Amino acid sequence: MTSRKPAGRSFESWVERQVREAAERGEFDGLRGSGQPLRNLDRPFSAEEWAADKARREGFDVSAMLPPALALRREREVLLRDLGELRSAAEVDAVVADFNDRVRELYRRPADGPLVVVALLDAAEVRERWGRARPAPAPVQEAPGPVVRRRWWRRAR
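Asker: Tell me about the pattern of salt bridges, residues and numbers included.
Answerer: Opposite charge on two side chains allows them to pair when their charged atoms are near. What the rule picks out here adds up to 16 salt bridges. Among the salt bridges present, the one from Asp98 reaches Arg102, with a minimum N-O distance of 3.3 Å. Note that Asp98 and Arg102 are positioned in helix α4 (residues 89–108) at a spacing of four residues, about one turn of the helix. Residue Asp98 is classed as partly exposed on the basis of its relative accessible area of 40%. Bridged by salt links that share partners, the residues Arg43, Glu49, Asp53 and Arg56 form one connected network.

Asker: For the packing of aromatic side chains, give the residues involved together with the corresponding values.
Answerer: According to the stated counting rule, one finds zero aromatic pairs in the structure shown. Between Arg134 and the ring centre of Trp130, over which it is positioned, the NZ or CZ distance is 4.2 Å.

Asker: Tell me about the side chain of Asn100, and name the residues and values.
Answerer: Structurally, Asn100 is set in helix α4. What makes Asn100 buried here is its relative accessible area of 7%.

Asker: Let's hear about helix α3 (residues 68–81): which residues, and what values?
Answerer: Compared with the 20 Å implied by 1.5 Å per residue over 14 residues, the 20 Å span of α3 between its first and last C-alpha is a close match. Turning to α3, the residues buried within the fold contact α4 and α5 (123–133).

Asker: An account of the environment of Leu115 is needed here, citing residue identities and associated values.
Answerer: With respect to the element layout, Leu115 can be found in the loop between α4 and α5. Separated by 39 residues in the primary sequence, Leu115 and Arg76 have C-alpha atoms spaced 17 Å apart.

Asker: Quick rundown of α4? Include the residues and the values.
Answerer: With 20 residues, α4 should reach 28 Å at 1.5 Å per residue; the first-to-last C-alpha distance of 29 Å fits that figure. Residues Val92, Val96, Phe99, Asn100, Val103 and Leu106 constitute the buried set of α4. Down the axis of α4, the buried set is contained in an arc of 115°. They therefore lie on one face. Those residues of α4 that are exposed and angled more than 90 degrees off the buried face are Ala90 and Arg108. Contacts made by the buried residues of α4 are with α3 and α5.

Asker: Describe the packing of α4 against α5, and please don't skip the residues or the numbers.
Answerer: α5 packs onto α4 with a crossing angle of 135° between their chain directions and a minimal axis gap of 10 Å. In terms of orientation, α4 and α5 fall into the oblique class. Classified by chirality, the crossing of α5 by α4 is right-handed. Along the contact surface, α4 presents Ala89, Val92, Asp93 and Val96, while α5 presents Ala123, Val126, Arg127 and Trp130. Here the contact of α4 with α5 is composed, by residue class, of six nonpolar, no polar and two charged.

Calculation rules
Residues numbered from 1 in each chain as written. Predicted model: local features only at pLDDT ≥ 70, side-chain atom pairs only at ≥ 80, totals over all residues. Heavy atoms only, no water. Salt bridge = Lys/Arg side-chain N within 4 Å of Asp/Glu carboxyl O. Helix = DSSP H or I, 4+ residues; strand = E, 2+ residues; numbered from the N terminus. Buried < 20%, exposed > 50% of the residue type's maximum accessible area, 1.4 Å probe, protein only. Phe/Tyr/Trp six-rings, centres within 6.5 Å; stacked < 30°, edge-to-face > 60°. Lys NZ or Arg CZ within 6 Å of the ring centre and 35° of its normal. Expected span 1.5 Å × (residues − 1). Contact = heavy atoms within 4.5 Å. Arc of directions from axis to C-beta. Axes fitted to C-alpha atoms, helices over the stretch in contact; angles between N-to-C directions. Parallel < 35°, antiparallel > 145°, perpendicular 65-115°, else oblique. Left-handed = near helix turned anticlockwise from the far one by under 90°. Nonpolar A, V, L, I, M, F, W, Y, C, P; charged D, E, K, R; others polar.

Next comes the structure, spelled out in structure tokens:
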């Protein structure tokens, strides 16, 4: 733990003295990234970019930080990409209806952020794409007939 700042001394000179003494003791030797230039000093600071970079480094999904229209547009891309994971045509219809309802609700509200066009999904077209994207069912193998075993007392001698 560090000592308290002495009275009558400026905070800056007190901190600089502590840093200088730590450097003289060698406490900064061998740090990761030592001697390498700092990244991204040439681009202007943006709090949004910093938050997104931090979330990516920590392994979080940055799509939660998108404005609603962009999030729906991204969801549409993911939905069309992963159609094969849905199990039935009824499930496909339910997902499409839910997505279209949320897009309509987005357009009813005042714009929050940039104007982004998100197209509605055509249920028949999505169902057709789902049919093509589904993996083919595994061929059904016929089970072998029951094995007839003779009782030990009926075996031929």
